[in-house]
Amino acid sequence: MGLAKLVSGVAAEAIAKKGHFSLALSGGSLVNQITGLLQLEGADKPDFSKWHIFYADERVVSHSDPESNHGQMRRSFLSKAGIPDTQVHAIQENLSPELAARAYEGVLLNLPKTVCPKNPRGVPQMDLILLGIGPDGHTASLFPNRPQTAEKNKFVVEVLDSPKPPSERITMTFPLINAAANVFIVAMGIAKAEVVQRVMEVQSLPGALPAQLVRPHPGHLRWVLDFESASEINPELWDSERAHPRSEIPKKAKA
Ligand code: 6PG
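**Observations regarding the site of the ligand**
Turning to step 1, where the next piece is worked out: What surrounds the ligand is a group of 15 residues, the closest being Ser29, Asp57, His138, Ala140 and Lys192.
Turning to step 2, where the next piece is worked out: At a separation of 2.6 Å, an oxygen atom of the ligand approaches a polar side-chain atom of Asp57.
Turning to step 3, where the next piece is worked out: At 2.6 Å, a backbone N or O of Ala140 approaches an oxygen atom of the ligand.
Turning to step 4, where the next piece is worked out: Burial of the ligand by the surrounding chains reaches 88%, relative to a free accessible area of 420 Å².
Turning to step 5, where the next piece is worked out: Its residues placed into classes, the shell around the ligand shows two nonpolar, eight polar and five charged.

**Let's talk about unusual backbone geometry**
Turning to step 1, where the next piece is worked out: The omega torsion across Pro165 and Pro166 is -5 degrees, close enough to zero to call that bond cis.
Turning to step 2, where the next piece is worked out: The linkage connecting His217 with the following residue, Pro218, adopts the cis geometry, with an omega of 5 degrees.
Turning to step 3, where the next piece is worked out: The phi dihedral of Asn94 falls on the positive side, at around 60 degrees, and the residue is not glycine.
Turning to step 4, where the next piece is worked out: By the element assignment, Asn94 lies in the loop between helix H3 (69-81) and helix H4 (97-109).
Turning to step 5, where the next piece is worked out: Although it is not a glycine, Ala140 sits at a positive phi angle of roughly 45 degrees.
Turning to step 6, where the next piece is worked out: On the basis of relative accessible area, Ala140 is assigned to the buried category, the value being 7%.

**Here's the deal with the packing of aromatic side chains**
Turning to step 1, where the next piece is worked out: By the definition in use, this model includes three aromatic pairs.
Turning to step 2, where the next piece is worked out: Ring geometry for Phe21 against Trp51: centres 4.8 Å apart, planes inclined by 75 degrees, an arrangement best described as edge-to-face. Of this pair, Phe21 sits in strand E1 (residues 21-25) while Trp51 sits in strand E2 (residues 51-55), and the two are 30 residues apart along the sequence.
Turning to step 3, where the next piece is worked out: Judged by its relative accessible area of 0%, Phe21 falls in the buried class.
Turning to step 4, where the next piece is worked out: Aromatic pair Phe48 and Phe77: ring centres 5.7 Å apart, planes at 85 degrees, arrangement edge-to-face. Here Phe48 is found in the loop between helix H2 (30-33) and E2, whereas its partner Phe77 is found in helix H3, with 29 residues between them in sequence.
Turning to step 5, where the next piece is worked out: By relative accessible area, which is 0% here, Phe77 ends up buried.
Turning to step 6, where the next piece is worked out: These aromatic residues form a ring-pair network of at least three members: Phe21, Phe48, Trp51 and Phe77.

Rules used in this analysis
Residues numbered from 1 in each chain as written. Predicted model: local features only at pLDDT ≥ 70, side-chain atom pairs only at ≥ 80, totals over all residues. Heavy atoms only, no water. Near = heavy atom within 4 Å. Polar contact = N/O pair within 3.5 Å; in protein donor to acceptor, adjacent residues only side chain to side chain. Areas by Shrake-Rupley, 256 points an atom, 1.4 Å probe, with all protein chains shown as cover. Nonpolar A, V, L, I, M, F, W, Y, C, P; charged D, E, K, R; others polar. Helix = DSSP H or I, 4+ residues; strand = E, 2+ residues; numbered from the N terminus. Buried < 20%, exposed > 50% of the residue type's maximum accessible area, 1.4 Å probe, protein only. Phe/Tyr/Trp six-rings, centres within 6.5 Å; stacked < 30°, edge-to-face > 60°.

Structure below.
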């Protein structure tokens, strides 16, 4: 419920400010984690009629394929939330990854200001981007040491050989992610403890841990963790110049 309340709070603020709320999200377990939004009551209950949904990354498969993030979203969240279909921006089916990426970027660039304004450099500013994180430090479909992590000009690019199946995907790039007003990296469970520790406390080479490149400016980054995923980090050492950033992974986390 913690994540749901945080998202609902950002949504209410965006709606109060500009009438609409733009949310982009990744796939994986995140899709189930946001279903808590459907249970919120009273002042926390979201006004879904003002929500606009986008995908931070998506697998290039048909919407009916079990691997489709949009398909999963439709089944577990959208069908229940009642967000108008015209406000749900799925990737276009039956296109090559290259064309799907170009088409999706076109959608983002042509949104009304009330949904997604552009910053002074012309970059669309989502109200909130929700990202997951993989064991190798990937986020969205930005995988370690791949050229997509260094993209400077395009806002959406194709991935043709994703190490996480399915291999063909499209993904938002860092210029777009880092222009968002808010970005949450959501990592739950003990399986995420080691990567959370590495991303937060171990300095890596640029692109080696893509999640370290999530640095919204002037927006805000928030990590949403539970006790298990946070069990390897030592925030009490973060102010110590000698201890942070660490250059070594603690032995316990390596095992
Ligand atoms: C995807 C993703 C990917 C995902 C992480 C975490 O489509 O697979 O967008 O970045 O968010 O791999 O996935 P889990 O939360 O399922 O571990």
